[in-house]
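# Breakdown of the fold
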Amino acid sequence: MTEILLPGHGRLRLRDPEPLHLPAHPPRSRTAFAAAHVVADPLGDNAPGAPAAVDWDATLAFRRHLWSLGLGVADAMDTAQRGMGLDWAATRELIVRSGAEARAFEGAAHRASGQAGGGRREGALLACGVGTDHLTAPAPTLADITAAYEQQLAVTEEAGARPILMASRALAAVATGPEDYLTVYGGLIRQSARPVILHWLGEMFDPALAGYWGSHDLDRATGTVLDLVHAHADRIDGIKVSLLDAAREVALRRSLPAGVRLYTGDDFHYPELIKGDDLGHSHALLGVFDPIASRAAAALHALDAGDPDRYDALLAPTVPLARHLFGAPTYHYKTGIVFLAWLAGHQPHFTMVAGAQSARSTRHLVELFRLADTAGVLPDPDLAAGRMRDLLKLAGVTA
């Protein structure tokens, strides 16, 4: 039994990991994407404002881990530090590399299926963020913004990924009302080679997106979203909603046309939203699925099997972890994501693009460690405890 002396908590005895046996196929009753983080090159010049230096081997290995669990990967999203250190050059390379990795993973899965009559995956679900973050003009026009989206859309389509039309800071800054959003998005949806996923990110995740869809009134903004979706329903796969407002998400979900998914991005209320009710359920495109991937995959399979009690038992312990991880200021949640990946052994260091490992306090990380243990997401308690001791020593903390 592994123990650690944790500041503020005394001697903590870590839990042994719960065995999770997953079927050889992805979950079938829900479509689920984990928004994946990137692994920084620890010897790269990842200072604030510097071009991102990425450890590509470790970054792609983590995507293979997610696919092996049957989850899709939502790449080049805010979890990957879009707009917070991951510049467009690195983002473009990430999209291209992830697309190639998805094809290779899918090919290997099909070969294994043919040779052994089984196989871990039928495919490697990949969606990538399409944005405008490479714009450099201080006052871009709507035409500039549309062209920027189109450039990134072309890269994503060439990579073979489903496009996620990310919320644009530039569009939020220059749009004069809902019609500007409908014009820009309508044109992009019509020219996309495959159905798109829309993306509504609340200002708690990015303050620069306040007033998105042309109004600070969320009821009016919802009306604009629904106008857009109903006008292009046959070209829209779904919409990811990250407003941390479960009631609003459910109301929007019930107003969507048939065949258009609601992908919850609510990292506070995801168990109840994915579980759903008699009138429907949300699918998932979640940053929190990055650190809790194994439990999330097992929970989704429990829903497939008609076992909601098992689903609840697997996800309920992860909610306190998620609420702390995404606590205000919410946009710094990426630091906790990478910290948990380090504790879990998915990368050999706790450094981040743009030096973002310093964005959360030692006190915050100590509580995150404790909650990760309670949630059962530390697969190797000895490794996690050893790394936590190293962090405390580096911080000058004596328990």
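Residues numbered from 1 in each chain as written. Predicted model: local features only at pLDDT ≥ 70, side-chain atom pairs only at ≥ 80, totals over all residues. Heavy atoms only, no water.

Let's shift gears to the pairing of strand E8 (residues 236–242). The buried count for E8 comes to seven of seven residues, which makes it a mostly enclosed element. Both strand E7 (residues 196–201) and E8 contribute to a ladder of six bridges, which runs parallel. The residue of E8 that forms the bridge with Ile197 is Gly238. Taken together, E7, helix H6 (residues 218–231) and E8 constitute a β-α-β crossover, and its handedness is right-handed. Judged from the four bridges that link them, E8 and strand E9 (residues 261–264) form a sheet pairing that is parallel. Following the sheet pairing, Val241 is matched in E9 by Thr264. Handedness of the crossover joining E8 and E9 through helix H7 (residues 246–255): right-handed. (Buried < 20%, exposed > 50% of the residue type's maximum accessible area, 1.4 Å probe, protein only. Helix = DSSP H or I, 4+ residues; strand = E, 2+ residues; numbered from the N terminus. Pairing = 2+ DSSP bridges. Right-handed = clockwise from strand over helix to strand, strands pointing away.)

This next bit is on the pattern of salt bridges. Two side chains bearing opposite charge may form a pair once their charged atoms approach each other closely. Applying the stated rule across the entire model yields 16 salt bridges. Across the salt bridge formed by Lys275 and Asp312, the nearest N and O atoms sit 2.8 Å from each other. Note that Lys275 is positioned in helix H8 (residues 270–275) and Asp312 in helix H10 (residues 308–315), a separation of 37 residues in sequence. Note on Asp312: relative accessible area 29%, which makes it partly exposed. Close ionic contact of Arg370 with Glu367 constitutes a salt bridge, the shortest N to O distance being 2.6 Å. With Arg370 and Glu367 both in helix H13 (residues 362–375), this residue pair falls three residues apart, about one helical turn. Among the charged side chains, a network of salt bridges with common partners joins Glu3, Arg11 and Arg13. (Salt bridge = Lys/Arg side-chain N within 4 Å of Asp/Glu carboxyl O.)

This part covers helix H14 (residues 381–394). End to end, H14 covers 20 Å across 14 residues, agreeing with the expected 20 Å (1.5 Å per residue, within 8%). Residues Pro381, Ala384, Ala385, Arg387, Met388, Leu391 and Leu392 constitute the buried set of H14. The arc that holds the buried residues of H14, viewed along the axis, is 165 degrees, so those residues lie on one side. The outward face of H14, more than 90 degrees from its buried face, is lined by the exposed residues Asp382, Lys393 and Leu394. On the buried face of H14, the contacting elements are strand E1 (3–6), helix H12 (333–343) and H13. In the segment just after H14, Gly396 is the residue with positive phi, at about 75 degrees. (Expected span 1.5 Å × (residues − 1). Arc of directions from axis to C-beta. Contact = heavy atoms within 4.5 Å.)

Here the focus is the confidence of the model for the protein chain. Of all residues in the protein chain, 97% attain a pLDDT of 70 or more, and the chain-wide mean is 95. Long-range and interchain partners of residues 116–122, a stretch whose pLDDT sits below 50, account for 23 contacts in this model, where long-range means more than four residues apart. (pLDDT = per-residue confidence, 0-100.)

Contact geometry for H6 and H7: axes closest at 11 Å, N-to-C directions at 25 degrees. Between H6 and H7, the interaxial angle falls into the category roughly parallel. Crossing angle aside, the handedness with which H6 passes H7 is right-handed. In contact with Leu218, Asp219, Thr222, Leu226 and His230 of H6, H7 contributes Arg248, Leu252 and Ser255. Split by residue class, the contact of H6 with H7 holds three nonpolar, three polar and two charged. (Axes fitted to C-alpha atoms, helices over the stretch in contact; angles between N-to-C directions. Parallel < 35°, antiparallel > 145°, perpendicular 65-115°, else oblique. Left-handed = near helix turned anticlockwise from the far one by under 90°. Nonpolar A, V, L, I, M, F, W, Y, C, P; charged D, E, K, R; others polar.)

The next thing to look at is the side chain of Gln152. You can see Gln152 is positioned in helix H3 (residues 142–158). A distance of 2.9 Å separates the side chain of Gln152 from the side chain of Asp133, its partner in a polar contact. In this structure Gln152 touches Arg82, Trp88, Gly129, Val130, Gly131, Thr132, Asp133 and His134, once residues within four positions along its chain are discounted. (Polar contact = N/O pair within 3.5 Å; in protein donor to acceptor, adjacent residues only side chain to side chain.)

Turning to the sheet that holds strand E5 (residues 126–130), a few remarks are in order. Strand order in the closed barrel formed by eight strands is E3-E4-E5-E6-E7-E8-E9-E10, and the pairing between neighbours is parallel. Between one strand axis and the next, the sheet turns through 25 degrees on average, direction left out of account. Across the sheet, H7 is in contact with E7, E8 and E9; its angle to E9 comes to roughly 160 degrees.

Turning next to the pairing of strand E3 (residues 32–35). Consecutive side chains along a regular strand alternate between the two faces of the sheet. Because side chains alternate across E3, one face comprises the buried residues Ala32 and Ala34, and the other comprises Phe33 and Ala35, equally buried. Where E3 and strand E10 (residues 283–286) come together, three bridges link them in parallel fashion. Within the sheet, the bridge partner assigned to Ala32 lies in E10 and is Ala284. Across three bridges, E3 lies against strand E4 (residues 72–75) in parallel orientation. Residue pairing for E4: Phe33 is matched across the bridge by Gly72. Handedness of the crossover joining E3 and E4 through helix H1 (residues 56–68) is recorded here as right-handed.

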